[in-house]
Amino acid sequence: MNVLIYLVPMALVLGLTGLAAFLWSLRDGQYEDMEGAALRVLSDDDLGSEDQRRSP
Amino acid sequence: MAETLDLALFVQHRDGTAHIDLAVEGVACAACIRKIEGSVRRLPGVVDARLNFTNRRLAVDWHENELAPADLIAALQDIGYPAYPFQPERTETQEAQHMRWLVKCLAVAGFAAMNVMLLSVSVWSGSDMGQETRDFFHWLSALIALPAAAYAGQPFFQSAWRAIRTRQLNMDVPISLGVILALGMSLVETATHQHHAYFDSAMMLLFFLLCGRALDHAMRRKTRAVAGNLAALKAEFAHRFDGGEVVRVPAAALRADDRLLVRPGDRLPADGVVLSGTSEIDESLVTGETARRPVGAGAIIHAGAVNFSGTLTMRVTAAGSGTLLDEVERLLDKALMARSRYVRMADRAARMYAPVVHATAALTLLGWLAAGATVHDSIVTAIAVLIITCPCALALAIPAVQVVASGALFRASVILNAGDAIERLSEINTVVFDKTGTLTLPEPRVANAAEIVPDLLERAARLALSSRHPLAAAVAREARERVPFEGASEEPGQGVRALIEAAEARLGSASFCGVAQRELTEPGASTIAFSHAGQTAVLVVRQTLRPDADETVSALRTRGLDLIILSGDRAEAVAPIAARLGIADARGGLKPAEKIAAIEALKAKGRRVLMVGDGLNDAPALAAAHASLSPISAADLAQTHADAVFLGERLSPVLETVRIAHRARRLMRQNLWLAVIYNAIAVPVAIAGYATPLIAAAAMSGSSILVTLNALRVRAGKRAVGTGVACPTESTLVPVNPS
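Per-chain numbering applies: the sequence of each chain, read as written, is numbered from 1 onward. The lettering of chains begins at A and the numbering of ligands begins at 1, in the order of writing. The predicted nature of this model means local features are confined to residues of pLDDT at least 70 and side-chain atom pairs, given and counted, to a pLDDT of 80 or more, with totals for whole chains, interfaces and linings taken over all residues.

Overview of the overall build of chain A
- Within chain A one finds three helices and zero strands.
- Under the scheme used here, helices are H or I runs from DSSP no shorter than 4 residues and strands are E runs no shorter than 2 residues, and both carry numbers assigned from the N terminus. Starting at the N terminus and walking to the C terminus, you meet the elements of chain A as α-α-α.
- With C-beta atoms placed from the backbone, a residue counts as buried when 20 or more other C-beta atoms lie within 10 Å of its own, as exposed when 12 or fewer do, and as partly exposed for counts between those limits. Classification of the 56 residues of chain A by burial places 0% in the buried group.

Shown next, in the form of structure tokens:
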């Protein structure tokens, strides 16, 4: 059972990391525009020149 | 005419950069995001532009003095997206902060519930676990659960404390008590090396309840964002004299003693006194009266009225004493006091529930002591009773239904204003309608369109597009092709003319078009004549019923509701409408105080009244009624005092609202019964002392999931035929001119 001494703190640290990441993303405003995020992924802005040619 | 647009009211300044929020119409797809942001970013001086697709708002930052905010709006208009300056209301900002806090609490509770559950499951399944390991796991659970509960439980603890301080009981009181007792007892049990600790139950309870609260809040925020956008779309602009110049300013920026120019067709942006000019004004939104009132210098005029014929100069006044607005506000104060006494179903349930549960726990303690159990065991069993009855299902029973029902209403084009509106809406048995703007469409329409040659009507309608006159606006609505004729010119007070296919066409007064005047007996109706190449037509423009008023009214009647019309318009104007709809009890010519008196009389007879109205004169009646609805075209004051606002031209949202509210109430009742049945099974188990932490956890999550699933059935109701009004986001945000 001595392995618990490593495993339990590891599990807690992992959980806390997840919680901290969530709280950071919340503060960063990543949940302000849920529908927009789903649509922005479709636009090819990051492709640069190709995008220029295609834009209406 | 070139005029400056002053938007200083909406611009926020922060070290060198200026910021504005715009509500944008017509955003429908991914391409819109890129197009809007791209074209705004290309403007000189713009630092950043970001469109929030969820609430259709564009935030723009730019270097100060390098760009005028009016240019932003012009640039967006050029690419086909009308935009309106937007000032987030204080309540909206506060709600956004509250939502963020709730989600933080939810995250903390979720983290703690998961980790404590991991440890608890190990304890439950590890029967060969030694006492030291079990204690170690319990202490670890305590380490996680206590700080997490102290943080994540705040929404409940604060609300419970507020209730107790005012000597009342709400659902949060038994919740807080249950959580605190569960944690306290578990701590004592851990310290004395006992088997059972309830840390997991307490955390899971908080997690479930926070889920319900966060969802409830998210739904309310969503409807509020749409309502905010609609308010921005509707916001009035005024033409103000600044020095010798006329500047276009938002109505919100007006101050007392400003001098304004009001052109024909403009809606009056503020209360005031006419300084010069004569005109007729249409006060149907203010008083419900459809006949127009002639005004001249010195006349007192109210915001919301439409200037009909001549140009006026007016001075803005603060609401003076003895005016209509003053009377309306005095009546409102009284009416609102009566409404605040309504007690919500959940709180009524809590008032019955808490004493019963606490008495049961006390009796359990005494019973076990009398039966000869040790003091420790008796206390543990009594607390287990409290934990297992902790109203998880009960606290979710009503909010879960409310979330689903307000979602269903939202899809039926109804936006809720008040949190407890669904409960009150479900209790009504009498519907009181206002006439003007509620049963009828807010703007007049061409009544005899069917009698006129379609081609001639189309030409008249397209010519009407070039005029600002309110009667012409009614004709213009008939145009299938919304393209004005070139070279059209308007002659003030006469009409508008243009050359169509080398022949002169005229639209306007009968004499202007060379047509014999047609006498009308109906009050509130007007004629407008059209002549082109020898053909003539006389169009009758008047208030018309909403397209589905007949069906909606008869459907409401078949639901067993009593229908009444209380109108501010004259009795002669009310009678034909009442006869057409088959409503026997119709009264006209009522002042705001008389409307309230009529509603109070109904209340005294034990009726629960739903008031549907739009005018400024309806605002006190809306507040006095048991529940209230307003169309989106209503006066601001009426809208803020209505429980819900419906969109679109149809009356069917009224029926949908009643239908969904009834369904929601039935499910709320069912859910409360489910919670009671759950308790009836779980409490004897707990009293008998068999409520182990495992049983508590299973029973609690099982009942919560059951009531949530039951709540989802609000959506499943069959749709009434012909309610297909587009959802609010679609109807207001259809692409206007996507190139």
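Let us keep going from here.
Re the overall build of chain B
- A tally of regular secondary structure across chain B gives 25 helices and 28 strands.
- In terms of its C-alpha atoms, chain B occupies a principal-axis envelope of roughly 105 × 65 × 50 Å.
- Burial status across chain B gives 47% buried among its 739 residues.

A short note on the interface of chain A and chain B
- Contact definition: two residues whose C-beta atoms, as placed from backbone geometry, lie within 7 Å. Contact residues are listed per partner, giving 18 residues for chain A and 16 residues for chain B.
- At the level of secondary structure, the elements contributing two or more residues to the side of chain A that touches chain B comprise α1 (4–27) and α2 (34–40) of chain A.
- Of all the elements, α1 of chain A adds the most residues to the side of chain A that touches chain B, at seven residues.
- Under this grouping Gly is polar, as are all residues other than the nonpolar Ala, Val, Leu, Ile, Met, Phe, Trp, Tyr, Cys and Pro and the charged Asp, Glu, Lys and Arg. Looking at the side of chain A that touches chain B residue by residue, the class counts come to ten nonpolar, three polar and five charged.

Structural notes on the environment of A634 of chain B
Residues and elements named next belong to chain B.
- Note on placement: A634 falls in the loop between β27 (627–631) and α22 (636–641).
- A residue is classified by how many C-beta atoms lie within 10 Å of it, and A634, with 30 of them, is buried.
- Separated by 468 residues in sequence, A634 and T166 place their C-alpha atoms 37 Å apart.
- Dropping the residues within four chain positions of it, A634 is found in contact with D614 and Q639.

A word on the sheet that holds strand β9 (residues 259–262) of chain B
Residues and elements named next belong to chain B.
- In spatial order, the strands read β1-β8-β7-β9-β15-β10-β13; together these seven strands make up an open sheet with mixed pairing. The sheet is open, and its two edges are formed by β1 (4–5) and β13 (300–301), each paired on a single side.
- Two strands are said to pair when DSSP picks up at least two bridges between them. For β1 and strand β8 (residues 245–250), the ladder comprises two bridges, and the chain directions are parallel. Bridged to T4 within β8 is V247.

Topic: the nonpolar core
- Joining buried Ala, Val, Leu, Ile, Met, Phe, Trp, Tyr and Cys residues through C-beta atoms within 7 Å gives a set, and that set is a nonpolar core. Formed by 168 residues in total, the largest nonpolar core has its most connected members in A109, A202, M203 and L206 of chain B.
- The next biggest cluster of nonpolar side chains, apart from the first, holds 26 residues, and it includes I20, F53, Y81 and A83 of chain B.

Some thoughts on the confidence of the model for chain A
Residue and element names in this part refer to chain A.
- Per residue, pLDDT measures the predictor's confidence, with a range of 0 to 100. The share of residues in chain A with pLDDT of 70 or more is 75%, and the mean pLDDT across the chain is 79.
- When pLDDT is averaged over each helix and strand of chain A, the minimum, 46, is found for helix α3 (residues 49–54) and the maximum, 91, for α1.
- Predicted confidence is poor over residues 49–56, with pLDDT under 50, and the contacts of this stretch with residues over four places away or in other chains come to three contacts.

Details of the sheet that holds strand β25 (residues 585–587) of chain B
All names here are of chain B.
- Here seven strands make up an open sheet; going across it, the order is β16-β28-β27-β26-β17-β24-β25 and the pairing mixed. Edge positions in the sheet fall to β16 (414–416) and β25, since each of these pairs with one other strand and no more. Each strand of the sheet is rotated relative to its neighbour by a mean of 20°, with strand direction disregarded. Only the contacting stretch of a helix is used when fitting its axis, a line to C-alpha atoms as for every element, and angles between N-to-C directions run 0 to 180 degrees.

Focus on helix α5 (residues 154–165) of chain B
Residues and elements named next belong to chain B.
- The end-to-end C-alpha distance of α5 is 16 Å, a good match for the 16 Å that twelve residues give at a rise of 1.5 Å each.
- Among all positions in α5, only P155, F156 and A160 are buried. Down the axis of α5, the smallest arc covering the buried residues is 120°, so these residues share one side. Among the exposed residues of α5, those oriented more than 90 degrees off its buried face are Q158, R162 and R165. In this analysis, the expected span of each helix is defined as 1.5 Å times one less than the number of residues it contains. The arc in question is the one traced by the directions running from the helix axis out to the C-beta atoms.

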